Amino acid sequence: MKGPILYKSLTVGILILFVAALAMEAQARGGRGGGGGGGSRNISRGGGGGGRSFSGGSAGGFSRSGPAAGGSFSSSRSSASFSGSGFGGSSVGTRSSGSSQGSSQIGSSARTQDRQAGMSDRTASRTTAQTERQSARTDRASVQSESQADRQQGRTERTTSRQDGRTERAQGRQDVQQDRQQEVTDRQANRQDAARDISDDYHGGYHHGDDWDDWWGYAAAGAAVVAGAYAVGTVISATTYSSLSCSKVIVNGITYSQCGSTWYQPTYSGSDVTYVVINPPAGH
Amino acid sequence: MNPMKWTVCAVLCLIGAVTAVAPFSAAEEKALEAAAPDPAMESLMRTAHFLAQLKEFRVHMRIGYDVVQESGQKIEFGERRTWTVVRPDRFRADVERSDGEKAAIVFDGKAITVYHPNLNMYAVSEISGDIDTAVKHLIKDLNVRMPLSLLLVTSLPKELEKRVVRADLVETSVLEGTPCAHLAVRGDAVDFQMWVPIEGDPLPRRIVLTYKNDEGQPQFWANFSDWNLTPNPPADFFSLDIPKDASRIQFLAQVRQSMTPAKPAEKKGGAK
């Protein structure tokens, strides 16, 4: 009697396992063949959200230029370049592209260096803060460990176990911090790559391949940068220009501006009027 | 039944079931997908062909787009745009940005004029041809921002075929009381979603572009309203009333070109 019962039990067990495996397979495949009407695939409505909170700050100083501003159906920063050198930070790339295309590289190099220096500073300060936090945690762990060891001689095993736990958690935190550091370094490298890439792209021509609608745009240099660098080809925004004392000069129907010894030409770029530093027009 | 036979029978049933529901091979699956009608792609291409063959239209857009700042903070900016198109060679875009800046971009078959009333400045680039030529010149040669410019050209179906990797139908969603097919389209570098009415003219009601390879994956969105396929604009609608005291300026791209002449082979369009 035991034989048939064993066989039946085994068979039923196999059948249950098989049905469960089928159900898991169907779930993994996104409910193929079922679900929404019109042959639609399952696309989750959930997830996402969260994100950063808006913490206020000054009204000005935010860039309006970036890849999404162009409303293009293509982007030169393709997935192929993501793993290579082409993936880019939007604002950094924009500013780099705006300032580096043209005859003068002085202003753009200075700005790129400034940005890189700024990012290095931030990276360094993050690293220092993380090191300090790590050090503080280690100190605290050490103090706790010592006091526990003093007070709880008889509980060596449990104390050791706790210490091991703390060490593992501390190690975990260090790993996370290292990961974050690595992430920051990666982002920094990406931004620098993007700045170089887009600069190169613009020197080689405006656009990639046939995707003519891939607008990237120019953006002007900030006032702080321009204050010391008046290289020909440097572009400043209308806002920055408005802080200068200039006189309007019309030559052959084209409007120029003389601001001290520096000549500017108002130009249309992207969706803004910007001012580019030029050599004095003929006769001036 | 003999226990042995019972087991053999059950195992045979299992094998049969496995064979029936076994996943298709990749090749079979691809062949099936190719053979099956793709309602999402059909809907997308119907819209593309419909827009490309329109003789004239006017549409209003409310636009928003993310700009990921150097700090990593994502900021949304906005604007309103109105397009008036009379094919083959008349086009006008009226723009009002969220910061109050206004601009008009006009193509009259002979030249493109961009006018900034707030600054009382305008720029002109002479180029003859149709709207397709003018739009490409505007973006490629003059580097003027023209969001969703692909929707303006008659080669839209071809352009989409070149860019789209796959299209899916998400659901039927109701936008402003109109049931629309919500399409999710994947491209190499840009994914987009489009909402197209299920009945009537397949004119897009909403588009969302996602720049998936860019930092922070910024998005661009546009809500379309008041599609008018017979705007009948007056003849002078495509000539801007620019004040006499307005300053004529050049496009930055033109100035750049004069500073660093481009290679002859790459020089296109009618930039002056």
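Use the structure listed above.
As the structure is a computational prediction, the values presented were derived from the model and not from experiment.

## Thoughts on the nonpolar core
And step 1. With 76 residues, the main nonpolar core has B:Trp83, B:Leu148 and B:Leu160 as its most contacted residues.
And step 2. Once residues within four sequence positions are removed from consideration, B:Leu148 is found in contact with A:Gly70, A:Gly71, A:Phe73, B:Met61, B:Trp83, B:Ile207, B:Leu209, B:Phe220, B:Ala222 and B:Phe224.
And step 3. The next biggest cluster of nonpolar side chains, apart from the first, holds ten residues, and it includes A:Val249, A:Ile254, A:Val276 and B:Leu252.

## Some words on unusual backbone geometry
Residues and elements named next belong to chain B.
And step 1. A cis amide bond links Arg-87 to the next residue, Pro-88, at an omega of 15°.
And step 2. The backbone phi angle of Asn-143 is positive, close to 60°, even though this residue is not glycine.
And step 3. Examined against the element boundaries, Asn-143 turns out to sit in the loop between helix 4 (131–141) and helix 5 (156–163).
And step 4. For Asn-143, a relative accessible area of 2% puts it in the buried group.
And step 5. Of note, Leu-148 is a non-glycine position whose phi angle comes to about 60°, a positive value.

## Things to note about the packing of aromatic side chains
And step 1. The full count for this structure, using the stated rule, is eight aromatic pairs over all chains.
And step 2. For the ring pair A:Tyr241 and A:Tyr275, a centre distance of 3.6 Å and an interplane angle of 5° mean the geometry is stacked. Taken together, the residues span a long stretch of sequence, with A:Tyr241 in helix 7 (residues 238–242) and A:Tyr275 in strand 5 (residues 272–278) at a distance of 34 residues.
And step 3. Ring geometry for B:Tyr65 against B:Phe77: centres 6.1 Å apart, planes inclined by 35°, an arrangement best described as tilted.

## A word on the state of the cysteines
All names here are of chain A.
And step 1. The tally for this structure, following the rule as stated, stands at one disulfide over all chains.
And step 2. Sulfur-sulfur distance for the disulfide between Cys-246 and Cys-259 comes to 2.0 Å. On the sign convention where negative is left-handed, the bridge of Cys-246 and Cys-259, at about 105° about the S-S bond, is right-handed. In this pair, Cys-246 sits in the loop between helix 7 and strand 2 (247–251) while Cys-259 sits in strand 3 (residues 254–259), placing the two residues 13 residues apart along the sequence.

## Looking at the pairing of strand 3 of chain A
All names here are of chain A.
And step 1. For strand 3, a buried count of five out of six residues is recorded, marking the element as mostly surrounded by other parts of the structure.
And step 2. Two strands pair when backbone bridges link them, and strand 2 and strand 3 are joined in this way by five bridges, in the antiparallel orientation. Bridge pairing links Val-251 to Ile-254 in strand 3.
And step 3. Hairpin connection between strand 2 and strand 3: a loop of two residues separates the two successive antiparallel strands, and Asn-252 in this loop has a positive phi of roughly 50°.
And step 4. Examined bridge by bridge, strand 3 and strand 4 (residues 262–269) share three bridges and lie antiparallel to one another. Bridging from a neighbouring strand, Cys-259 pairs with Thr-262 of strand 4.
And step 5. Hairpin connection from strand 3 to strand 4: two residues lie between these consecutive antiparallel strands, with Gly-260 at a positive phi of about 65°.

## Considering the pattern of salt bridges
And step 1. Under the criterion given, the structure shown has 13 salt bridges over all chains.
And step 2. The partner of B:Arg145 in a salt bridge is B:Glu79, and the shortest N-O contact between them spans 3.0 Å. Of this pair, B:Arg145 sits in the loop between helix 4 and helix 5 while B:Glu79 is found in strand 2 (residues 74–86), placing the two residues 66 residues apart along the sequence. By the burial criterion, B:Arg145 is buried, and B:Glu79 matches it.
And step 3. Note that B:Lys162 is salt-bridged to B:Glu159, the shortest N-O span being 3.4 Å. Linking B:Lys162 with B:Glu159, this pair stays in helix 5, spanning three residues, or about one helical turn.
And step 4. You can call B:Glu159 buried: its relative accessible area is 5%.
And step 5. The network of salt bridges with shared partners includes A:Arg64, A:Asp272, B:Arg97 and B:Asp99.

What counts, and at which threshold
Residues numbered from 1 in each chain as written. Chains lettered and ligands numbered in written order. Predicted model: local features only at pLDDT ≥ 70, side-chain atom pairs only at ≥ 80, totals over all residues. Heavy atoms only, no water. Core = buried A, V, L, I, M, F, W, Y, C linked by side-chain atoms within 4.5 Å. Buried < 20%, exposed > 50% of the residue type's maximum accessible area, 1.4 Å probe, protein only. Contact = heavy atoms within 4.5 Å. Helix = DSSP H or I, 4+ residues; strand = E, 2+ residues; numbered from the N terminus. Phe/Tyr/Trp six-rings, centres within 6.5 Å; stacked < 30°, edge-to-face > 60°. Disulfide = S-S within 2.5 Å. Pairing = 2+ DSSP bridges. Salt bridge = Lys/Arg side-chain N within 4 Å of Asp/Glu carboxyl O.

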